[in-house]
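Coordinates in review
Residue strings, one per chain:
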Amino acid sequence: MTVLEIIKNTSSGIAILIDPDKFNSENDLLIYLDKVSIAQPDFVFIGGSTVSKSDFQNCVRLTKEKINSPIVIFPGASHQLSEHADAILFLSLISGRNSDYLIGHHIAAVSELENMSLQIIPTSYMLIDGGKKSSVEYVSNTNPIPKDAFSIARKTALAGKYLGHKILYADAGSGAKENISKEMIKLLSATNSPLIIGGGIRSIEQIRDAHQAGANLVVIGNKIEEDIDFLLDIKNYSLNLGL
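Below, the structure is looked at part by part. In this text the structure is predicted, and so the values were computed from the model without any measurement.

For the rest of this paragraph, the subject is the overall build of the protein. Each helix and strand counted, the protein has 10 helices and eight strands in total. Relative to the globule expectation of 18 Å for 243 residues, the C-alpha radius of gyration of the protein, 16 Å, shows essentially globular dimensions. Counting only C-alpha atoms, the protein reaches 45 × 45 × 35 Å along its principal axes. For the protein, buried positions account for 50% of its 243 residues. Here the analysis covers contacts within the protein between residues at least 6 apart in sequence; of these, 71% occur between residues at least 24 apart. Carbon and sulfur atoms form 48% of the exposed surface of the protein, whose accessible area is close to 11200 Å². On the protein, the mean spot of the 22 positive side-chain charges and the mean spot of the 27 negative ones are 7 Å from each other.

Quick look at the structure:
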């Protein structure tokens, strides 16, 4: 089963996002990966706004060696590619109007990407205001969709679907003060695209709310960096779903 098919067929998935820039040494990364492996997430996403090519590729390679979950590239730039990953979310930042993030980085990646065996998943990427300027917002020089602009969000999501994108990824951004509301998630889920939700999620209750509102997959990053024991909460949540 492909990564896209797995996401389509789950209603309670969890992905752990790893930003290679957050680790001071390879040893720190290895220790972190050992702990992530215990949680047995459905996916591991790897990416960041400013990570170098060598650090990125090394992180993907080590993660593949340590963790059995599918490894998915969540790229912040065209150089964030690795043959060790299983798939790449080929993100188009449709909430913004910066051509580099709509198509420019994609063209730059093609020469390398076409020689890899990665599963390539065309993905609509939408930033939703999370109450704090995110790294993606700063680097891409774009504005997020206001958190209560439901009509704009819906039309933007449908435009991405009509363009042929296979997944919708709505993100409040790294370190967001507020996660995306249940109302917004329900609205986006109603477009009938497989839905990934990330940004500002810091509790099991918020994960459960996102799943119940229609998210196929919830992405957790900063919370784990702040509280490594949250990995155990994630594991228990996933286990309880199977009861």
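This brings us to unusual backbone geometry. The phi dihedral of Gln-40 is positive, around 50 degrees, even though this residue is not glycine. When you line up the elements, Gln-40 lands in the loop between α2 (26-39) and β2 (43-46).

Our focus in this paragraph is the packing of helix α7 (residues 182-189) against helix α8 (residues 204-213). For the pair α7 and α8, interaxial distance at closest approach is 8 Å and the crossing angle is 30 degrees. Relative to α8, α7 is oriented so that their crossing is right-handed. Contacts between α7 and α8 involve Lys-182, Ile-185, Lys-186 and Ser-189 from the former and Asp-209, Ala-210 and Ala-213 from the latter. Among the residues making up the contact of α7 with α8, the classes are represented as three nonpolar, one polar and three charged.

Counting residues in hydrophobic clusters, the biggest one holds 56 residues, and the most contacted among them are Ile-18, Met-126, Leu-188, Ile-207 and Ile-220. The dominant element in this core, judged by the number of residues it contributes, is α2, at five residues. Filtering out sequence-adjacent residues up to four positions away, Ile-220 remains in contact with Ile-14, Ala-15, Ile-16, Leu-17, Ile-201, Ile-207, Phe-230 and Ile-234. Grouped together as the second largest cluster of nonpolar side chains are 22 residues, Leu-4, Ile-7, Leu-91 and Ile-167 included.

What describes two packed helices is the angle between their axes and the distance between those same axes. Their axes nearest at 9 Å, the elements helix α6 (residues 150-162) and α7 cross at an angle of 30 degrees. Considering the angle they form, α6 stands roughly parallel to α7. Where α6 crosses over α7, the two elements pack in a sense that is right-handed. Here Phe-150, Ala-153, Arg-154 and Ala-157 of α6 lie close against α7, whose contacting residues are Glu-183, Met-184, Leu-187 and Leu-188.

What follows covers helix α10 (residues 230-241). If you check α10, its first and last C-alpha atoms are 17 Å apart, about what 12 residues at 1.5 Å a residue would give, namely 16 Å. Within the span of α10, buried status applies to Phe-230, Leu-231, Ile-234 and Tyr-237. Seen from one end, α10 has its buried residues packed into an arc of 120 degrees, which puts them on one side. Of the surrounding secondary structure, the elements contacted by the buried residues of α10 are β1 (13-18), α2, α8, β8 (217-220) and α9 (222-226).

For Ile-6, the position within the fold is in helix α1 (residues 3-8). Ile-6 sits in the partly exposed class, given a relative accessible area of 29%. C-alpha of Ile-6 to C-alpha of Asp-42: the two residues are 36 residues apart in sequence and 9.2 Å apart in space. Discounting chain neighbours no more than four positions away, the residues touching Ile-6 are Met-1 and Phe-43.

The next subject is the pairing of β1. Counting buried residues along β1, six of its six residues qualify, which places the element largely inside the surrounding structure. Two elements, β1 and β8, share four bridges in a ladder whose sense is parallel. From the neighbouring strand, Ala-15 faces β8, where its bridge partner is Val-219. Inspection of the sheet shows β1 paired to β2 by four bridges, in the parallel sense. Considered in β2, the bridge of Ala-15 is made with Phe-43.

This part takes up a nonpolar patch on the surface. Among the surface-exposed residues, Leu-102, Ile-103 and Ile-107 lie close enough to one another that they form a single nonpolar patch of about 260 Å² accessible area. Checked against the element boundaries, Leu-102 lands in helix α4 (residues 99-113). Taking the relative accessible area as the measure of exposure, Leu-102 reaches 30% and is therefore partly exposed.

The rules behind each value
- Residues numbered from 1 in each chain as written.
- Predicted model: local features only at pLDDT ≥ 70, side-chain atom pairs only at ≥ 80, totals over all residues.
- Heavy atoms only, no water.
- Helix = DSSP H or I, 4+ residues; strand = E, 2+ residues; numbered from the N terminus.
- Rg over C-alpha atoms; globule rule 2.2 N^0.38 Å.
- Buried < 20%, exposed > 50% of the residue type's maximum accessible area, 1.4 Å probe, protein only.
- Contact = heavy atoms within 4.5 Å.
- Areas by Shrake-Rupley, 256 points an atom, 1.4 Å probe, with all protein chains shown as cover.
- Lys, Arg positive; Asp, Glu negative; His and termini not counted.
- Charge placed at Lys NZ, Arg CZ, Asp CG, Glu CD.
- Axes fitted to C-alpha atoms, helices over the stretch in contact; angles between N-to-C directions.
- Left-handed = near helix turned anticlockwise from the far one by under 90°.
- Nonpolar A, V, L, I, M, F, W, Y, C, P; charged D, E, K, R; others polar.
- Core = buried A, V, L, I, M, F, W, Y, C linked by side-chain atoms within 4.5 Å.
- Parallel < 35°, antiparallel > 145°, perpendicular 65-115°, else oblique.
- Expected span 1.5 Å × (residues − 1).
- Arc of directions from axis to C-beta.
- Pairing = 2+ DSSP bridges.
- Patch = residues over 30% accessible without salt bridge, like charges linked within 9 Å, V, L, I, M, F, W, Y side chains within 5 Å.
- Salt bridge = Lys/Arg side-chain N within 4 Å of Asp/Glu carboxyl O.

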